[in-house]
Amino acid sequence: VPSHKLVEHTFVLSYQEAKDQVNELLDKHKHMRYMWIPYSDTVVVVTNDPEDTFDGNIPSVQVQSVEERFQPFRELLIELSKEANSPIGDEFTADISAGKNNESLTIESIKGLGFGELRDACLAFNPLDVEHVKRCNKAEAEFWRRSEGYQVRPSHELLQFDC
């Protein structure tokens with residue numbers, strides 16, 4: 001199948017809203033996925049439809065800046081680092097220069113980390129503690145709320161899953 005442009009819409013629903021709307025969303029969109037965030041009432045919905053089905057009327061709502069979107073994770077990681085008096089787990093110190101000398105993390109020192117790296121670094125402090133996981137998932141839910149919006153990109157870029 002040749003690459004073609006898709007309009008991707010990312011938005012957040014409550015669990016009940018996602019449950020109530022599943023059939024309507026499946027009928028309306030060419031591609032759709034749900035991502036439930038455990039211990040939260042947050043379901044991330046991502047739909048993708050061919051650009052030509054919009055007749056040039058693509059909504060102009062755009063996602064927030066990377067800085068705004070990643071802020072909840074970055075702030076949580078710094079907070080966890082201070083609470084634990086440790087930058088983060090050993091498997092992440094290679095990626096974070098401040099972690100090499102047991103120095104405090106700063107927004108600048110973790111700016112290069114992406115969504116998955118930030119989430120994993122936050123969870124690494126205490127991955128088996130349910131209250132800790134809830135705290136991390138709260139930051140993830142806020143990340144997705146700040147990521148709501150539309151984008152138009154080639155299908156091969158949008159129909160892959162980053163976990």
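Residues numbered from 1 in each chain as written. Predicted model: local features only at pLDDT ≥ 70, side-chain atom pairs only at ≥ 80, totals over all residues. Heavy atoms only, no water.

A few points about the packing of helix α4 (residues 115-123) against helix α5 (residues 130-146)
The relative placement of two packed helices comes down to the angle between their axes together with the axis-to-axis distance.
And then number 1: Direction vectors running N to C along α4 and α5 enclose 160 degrees, while the axes themselves pass 9 Å from each other. Between α4 and α5, the crossing angle belongs to the class labelled roughly antiparallel. Between α4 and α5 lies a crossing whose hand is right-handed. Along its contact with α4, which presents Phe115, Arg119, Cys122 and Leu123, the element α5 presents His132, Val133, Cys136, Glu140, Phe143 and Trp144.
And then number 2: When grouped by side-chain class, the residues that make up the contact of α4 with α5 number 7 nonpolar, 1 polar and 2 charged. (Axes fitted to C-alpha atoms, helices over the stretch in contact; angles between N-to-C directions. Helix = DSSP H or I, 4+ residues; strand = E, 2+ residues; numbered from the N terminus. Parallel < 35°, antiparallel > 145°, perpendicular 65-115°, else oblique. Left-handed = near helix turned anticlockwise from the far one by under 90°. Contact = heavy atoms within 4.5 Å. Nonpolar A, V, L, I, M, F, W, Y, C, P; charged D, E, K, R; others polar.)

Points about the sheet that holds strand β4 (residues 149-154)
And then number 1: Overall, antiparallel pairing links the 4 strands, which are arranged β2-β3-β1-β4 in an open sheet. Looking at strand neighbours, the two that pair on one side only are β2 (31-37) and β4, the edges of this open sheet. Within the sheet, the average angular offset between the axes of one strand and its neighbour, ignoring direction, is 20 degrees.
And then number 2: In this sheet, β4 lies alongside strand β1 (residues 5-13) in antiparallel orientation, the contact comprising 6 bridges. Across the sheet, the residue bridging to threonine 10 is glycine 149, located in β4.
And then number 3: Packing of α5 onto the sheet brings it into contact with β1, β2 and β3 (42-50), and relative to β2 it is tilted by some 150 degrees. (Pairing = 2+ DSSP bridges.)

Regarding the pattern of salt bridges
And then number 1: Evaluation of the coordinates by the stated rule reveals 9 salt bridges.
And then number 2: We note a salt bridge from lysine 111 to glutamate 108, for which the minimum N-O separation is 2.9 Å.
And then number 3: With a relative accessible area of 56%, glutamate 108 lands in the exposed category.
And then number 4: A salt bridge links arginine 145 to glutamate 142, with the nearest nitrogen and oxygen atoms 3.6 Å apart. In this pair, arginine 145 and glutamate 142 are both assigned in helix α5, 3 residues apart and thus about one turn of the helix distant.
And then number 5: Shared partners join several salt bridges into a network, and the residues in it are Glu79, Glu83 and Arg135. (Salt bridge = Lys/Arg side-chain N within 4 Å of Asp/Glu carboxyl O. Buried < 20%, exposed > 50% of the residue type's maximum accessible area, 1.4 Å probe, protein only.)

What to know about the nonpolar core
And then number 1: Counting residues in hydrophobic clusters, the biggest one holds 23 residues, and the most contacted among them are Phe73, Leu77, Ile110, Leu118, Cys122 and Trp144.
And then number 2: Where this core is concerned, the elements lending two or more residues are β2, β3, α2 (66-84), α4 and α5.
And then number 3: Take this core: its biggest share by element is 6 residues, from α2.
And then number 4: Counting 6 residues, the second-largest nonpolar core is a separate cluster that includes Phe11, Leu25, Val43 and Val45. (Core = buried A, V, L, I, M, F, W, Y, C linked by side-chain atoms within 4.5 Å.)

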